[in-house]
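Examination of the molecular architecture
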Amino acid sequence: MKKIFALIFVIHSVFAFSQVKWMTIEEALNAQKTQPKKIIIDFYADWCGPCKIMDKKTYGNPIIYEFLNENYYPVKFNSEDKNTIEIYGRKFSNENTSHKKGRNSLHEFTQFMNVNAVPSTVFLDENGKPITMLQGELSAKELEPYLEFISNDLYKKVKTKQDWEDYQKKFRSKIKD
């Protein structure tokens, strides 16, 4: 029995240290003050099936979580959260949650970021300003080119749809099928 518990502990330890190191939005914005990095925000909801798939398959992919942990401040934000947060010089809350039946209302920060569906992935620059948003479930292979594209500031050079298509053709995924 002790061997089984020891094995479970070892497996849990390996997985606990080899995942995305999620932060709150407040932690990420504060970290930017001393070490500027872009922020990626995963907007999700507890009831969202595609969000859970992304957690497991997309963010659970070693190529993705290693790249995120090294190049971004990754933030996980419950789009229906009930807590009040204070960022950008103002308070964001979700006061309508207790009055609504069924799914909860969207948090004010979710609305502020123009997120109206989950899952949504929002990228912020080193100053906490929005770069772009990707809506819907993304596989690891679908997210990977965006991570490199945005972290290396290549998005600043792309002006046309053709530029983006050229980037995608040249991009070589590190994810094995």
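Our subject is the structure that appears above.
Below you will find a few notes about this structure. Note that this is a predicted model, so its numbers are computed, not measured.

Let's talk about helix α2 (residues 25–34)
Taken residue by residue, α2 has I25, A28, L29, A31 and Q32 as its buried positions. Take α2 and look down its axis: the buried residues cluster within an arc of 160°, on one side only. The outward face of α2, more than 90 degrees from its buried face, is lined by the exposed residues K33 and T34.

Some points on the sheet that holds strand β2 (residues 72–78)
Ordered in space as β2-β1-β5-β6, the four strands form an open sheet in which the pairing is mixed. Each edge of the open sheet is held by one strand with a lone partner, namely β2 and β6 (130–135). Across the sheet, the mean angle from the axis of one strand to that of its neighbour is 20°, orientation sign disregarded. Sheet topology note: the strand β1 (residues 38–44)/strand β5 (residues 120–124) ladder contains five bridges and is antiparallel. Within β5, the residue paired with D42 across the bridge is T121.

With respect to the nonpolar core
Of all hydrophobic cores here, the largest spans 20 residues; its most connected members are Y59, I64, L68, Y72, F123, L143 and L147. Listing elements by their share of this core, those giving two or more residues are α4 (62–71), α6 (140–151) and α7 (161–170). For this core, the element with the most residues is α6, which contributes five residues. Aside from chain neighbours lying at most four places away, what touches L147 is I40, I64, F67, L68, Y72 and F123.

Things to note about the packing of aromatic side chains
Here the structure, examined in full by the defined rule, presents 15 aromatic pairs. Measuring from centroid to centroid gives 5.0 Å for W22 and Y59, while their planes differ by 85°, and the two rings are edge-to-face. Within this pair, whereas W22 is found in the loop between α1 (2–17) and α2, its partner Y59 is found in the loop between α3 (49–58) and α4, the two being separated by 37 residues in sequence. Relative accessible area serves as the criterion here: at 29%, W22 is assigned to the partly exposed category. Between F109 and F112, the ring centres sit 6.5 Å apart and the planes meet at 25°, which makes this aromatic pair stacked. Pair noted here: F109 and F112 are both in helix α5 (residues 108–112), with a separation of three residues, about one helical turn. With relative accessibility at 0%, the residue F109 sits in the buried group. In this structure F112 comes out as partly exposed when scored by relative accessible area, which is 39%. Three or more aromatic residues joined by ring pairs form one cluster here, namely F43, F77, Y88, F92, F109 and F112. Lying over the aromatic face of Y73, K37 brings its terminal NZ or CZ to 5.1 Å of the ring centre.

Topic: the state of the cysteines
Under the counting rule described, the total for this entry stands at one disulfide. Through a disulfide, C48 is tied to C51; the S-S separation comes to 2.3 Å. On the sign convention where negative is left-handed, the bridge of C48 and C51, at about 80° about the S-S bond, is right-handed. In this structure, C48 and C51 share a single accessibility class: buried.

Thoughts on the pattern of salt bridges
Overall, the coordinates contain seven salt bridges when judged by the stated rule. Here K161 and E165 are joined by a salt bridge, their closest N and O atoms 3.9 Å apart. Here K161 pairs with E165, and both are found in helix α7, just four residues apart, close to one helical turn. Judged by relative accessible area, K161 falls into the exposed class, the value being 64%.

Cut-offs applied
- Residues numbered from 1 in each chain as written.
- Predicted model: local features only at pLDDT ≥ 70, side-chain atom pairs only at ≥ 80, totals over all residues.
- Heavy atoms only, no water.
- Buried < 20%, exposed > 50% of the residue type's maximum accessible area, 1.4 Å probe, protein only.
- Helix = DSSP H or I, 4+ residues; strand = E, 2+ residues; numbered from the N terminus.
- Arc of directions from axis to C-beta.
- Pairing = 2+ DSSP bridges.
- Axes fitted to C-alpha atoms, helices over the stretch in contact; angles between N-to-C directions.
- Core = buried A, V, L, I, M, F, W, Y, C linked by side-chain atoms within 4.5 Å.
- Contact = heavy atoms within 4.5 Å.
- Phe/Tyr/Trp six-rings, centres within 6.5 Å; stacked < 30°, edge-to-face > 60°.
- Lys NZ or Arg CZ within 6 Å of the ring centre and 35° of its normal.
- Disulfide = S-S within 2.5 Å.
- Salt bridge = Lys/Arg side-chain N within 4 Å of Asp/Glu carboxyl O.

Purely geometric stuff here, so don't read any function into it on its own.
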